[in-house]
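# Summary of structural features
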Amino acid sequence: MPVIVAIVSPKGGAGKTTLTAGLAGAAAICGKSCTIIDLDPQASITNWSDRRDEADDKISVVSCQVGRMKKAIEAAAEADLIVIDTAGRNDNSALESARIADICLTPIRMVVSELETLSAVRDILATAGKSDAGFVVINGVHTGVGDKAIADMRKLIETDFSMPVLPCVITHRQDHPTAFNCGKTIFETSEIMGKAGAEMSEIYSFLGVE
Ligand SMILES: Nc1ncnc2c1ncn2[C@@H]1O[C@H](COP(=O)(O)OP(=O)(O)O)[C@@H](O)[C@H]1O
Ligand SMILES: [Mg+2]
């Protein structure tokens with residue numbers, strides 16, 4: 001049975017698609033297969049997969065509408081991991097993917113306007129019956145940001161929004177767009193396990209893919 005992860009955030013640009021590609025890449029270097037289900041009409045991750053040219057690719061991408069998601073998941077029953085990339089707005093892709101997921105991840109940047117979207121995420125998780133399955137991933141942390149600022153942000157999210165935050169953050173690194181632009185994962189450009197890859201692998205290990 002694949003582990004199903006929904007990437008949920010109503011905020012465009014929060015890092016959903018970056019996290020999706022990163023987790024798929026982390027699975028692939030562990031020899032695991034990953035099916036990405038792209039529910040975003042903008043189809044960024046599907047277009048990324050069109051740019052891929054990997055022999056024996058362990059990553060496959062299915063672009064579908066929400067109404068076809070269950071079928072797409074059934075068809076991916078052999079995969080080790082399914083990651084559902086959702087649209088950055090309040091359509092039903094977030095809710096329906098949360099309903100079916102084992103774990104929901106919400107990438108968020110360290111700005112108040114993004115924090116404010118967490119109430120909507122919590123409502124989605126509650127409606128989906130997945131309040132205990134949602135975790136925030138702090139993304140886009142600039143390298144000068146100290147541990148204290150990150151710890152303060154984590155505490156704020158946990159106290160004011162009652163959502164657990166993963167211990168590992170995603171630093172702002174050019175590796176992410178550079179890899180994405182050429183249809184690669186961050187593990188397939190330059191060093192296999194650079195700093196960006198190490199962070200993503202830590203998040204991946206949290207998913208418990210066996
Ligand atoms: N950690 C990061 N480091 C550098 N660039 C990032 C990072 N996360 C996201 N980005 C960039 O920010 C933009 C929006 O990210 P994306 O993953 O497409 O967000 P979403 O899918 O939530 O709309 C993209 O250009 C992406 O390359
Ligand atoms: Mg996206």
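Residues numbered from 1 in each chain as written. Chains lettered and ligands numbered in written order. Predicted model: local features only at pLDDT ≥ 70, side-chain atom pairs only at ≥ 80, totals over all residues.

### Re the overall build of the chain
Put simply, the rule reads: Secondary structure elements are taken from DSSP: a helix is a run of H or I of four residues or more, a strand is a run of E of two residues or more, and numbering for both begins at the N terminus. Note on contacts: each residue gets a C-beta atom placed from the backbone, and two residues are in contact if those atoms are within 7 Å.
Scanning the chain from terminus to terminus reveals 9 helices and 7 strands. Considering only C-alpha atoms, the chain reaches an extent of 45 × 40 × 30 Å along its principal axes. Long-range pairs, those at least 24 residues apart, make up 79% of the contacts in the chain with a sequence separation of at least 6.

### Observations concerning the site of ligand 1
Using the following cut-off: Any residue whose backbone-placed C-beta atom lies within 6 Å of a molecule or strand is treated as near that molecule or strand. Under this grouping Gly is polar, as are all residues other than the nonpolar Ala, Val, Leu, Ile, Met, Phe, Trp, Tyr, Cys and Pro and the charged Asp, Glu, Lys and Arg.
The immediate surroundings of ligand 1 are formed by 18 residues, with Gly15, Lys16, Thr17, Thr18 and Pro177 found nearest. Going through the elements one at a time, α1 (16-29), β6 (134-141) and α8 (175-181) are the ones with two or more residues in the shell around ligand 1. Tallied by class, residues from the shell around ligand 1 come to 4 nonpolar, 12 polar and 2 charged.

### Brief notes about the nonpolar core
Formally: For this entry, the nonpolar core is defined as buried Ala, Val, Leu, Ile, Met, Phe, Trp, Tyr and Cys residues connected by C-beta atoms within 7 Å. Exposed residues have 12 or fewer other C-beta atoms within 10 Å of their own C-beta, buried residues have 20 or more, and partly exposed residues fall in between, where C-beta atoms are placed from the backbone.
Val5, Leu23 and Val83 are the most contacted members of the largest nonpolar core, which has 58 residues in total. Here the element with the most residues in this core is α1; it accounts for 7 residues. When near neighbours in sequence (up to four residues on either side) are disregarded, Val83 contacts Val5, Ile7, Thr20, Leu23, Ala24, Cys34 and Ile36.

### A short note on the packing of α1 against helix α9 (residues 195-206)
Worth spelling out the cut-off: All axes here are fitted lines through C-alpha atoms, helices being fitted over the stretch that makes contact, and every angle between N-to-C directions spans 0 to 180 degrees. An angle below 35 degrees is treated as roughly parallel, one above 145 as roughly antiparallel, one from 65 to 115 as roughly perpendicular, and anything else as oblique.
Two numbers describe how α1 lies on α9: the axes approach to 9 Å, and their chain directions differ by 80 degrees. One way to sum up the angle between α1 and α9 is to call them roughly perpendicular. Note on element contacts: α9 touches α1 through Met200, Ser201, Ile203 and Tyr204, opposite Gly22, Leu23, Gly25, Ala26 and Ala27. Classifying every residue of the contact of α1 with α9 by side-chain character gives 6 nonpolar, 3 polar and no charged.

### A word on helix α7 (residues 147-160)
What counts here: Expected helix span is given by 1.5 Å per residue-to-residue step, counting one fewer step than there are residues.
The end-to-end C-alpha distance of α7 is 20 Å, a good match for the 20 Å that 14 residues give at a rise of 1.5 Å each. Where α7 terminates, the next one or two residues include Ser162, which has phi positive at roughly 50 degrees.

### Overview of α9
A rise of 1.5 Å per residue sets the reference length of α9, with its 12 residues, at 16 Å; its end C-alpha atoms lie 17 Å apart and thus fit the reference within 8%. Within α9, the full set of buried residues consists of Ala196, Gly197, Glu199, Met200, Ser201, Ile203 and Tyr204. The elements touched by buried residues of α9 are α1, β6, β7 (170-171) and α8. Gly208 occupies a position one or two residues after α9 and carries a positive phi of about 70 degrees.

### What about the pairing of strand β2 (residues 34-38)?
Let me state the cut-off plainly: At least two bridges found by DSSP between two strands are what make those strands a pair.
The element β2 is largely enclosed, with a buried count of 5 among its 5 residues. Burial of β2 is two-sided: the residues Cys34, Ile36 and Asp38 facing one way and the residues Thr35 and Ile37 facing the other way are all buried. Strand direction decides the pairing type here: β2 and strand β3 (residues 59-63), joined by 5 bridges, are parallel. Note that in β3 the partner of Ile36 across the bridge is Val61.

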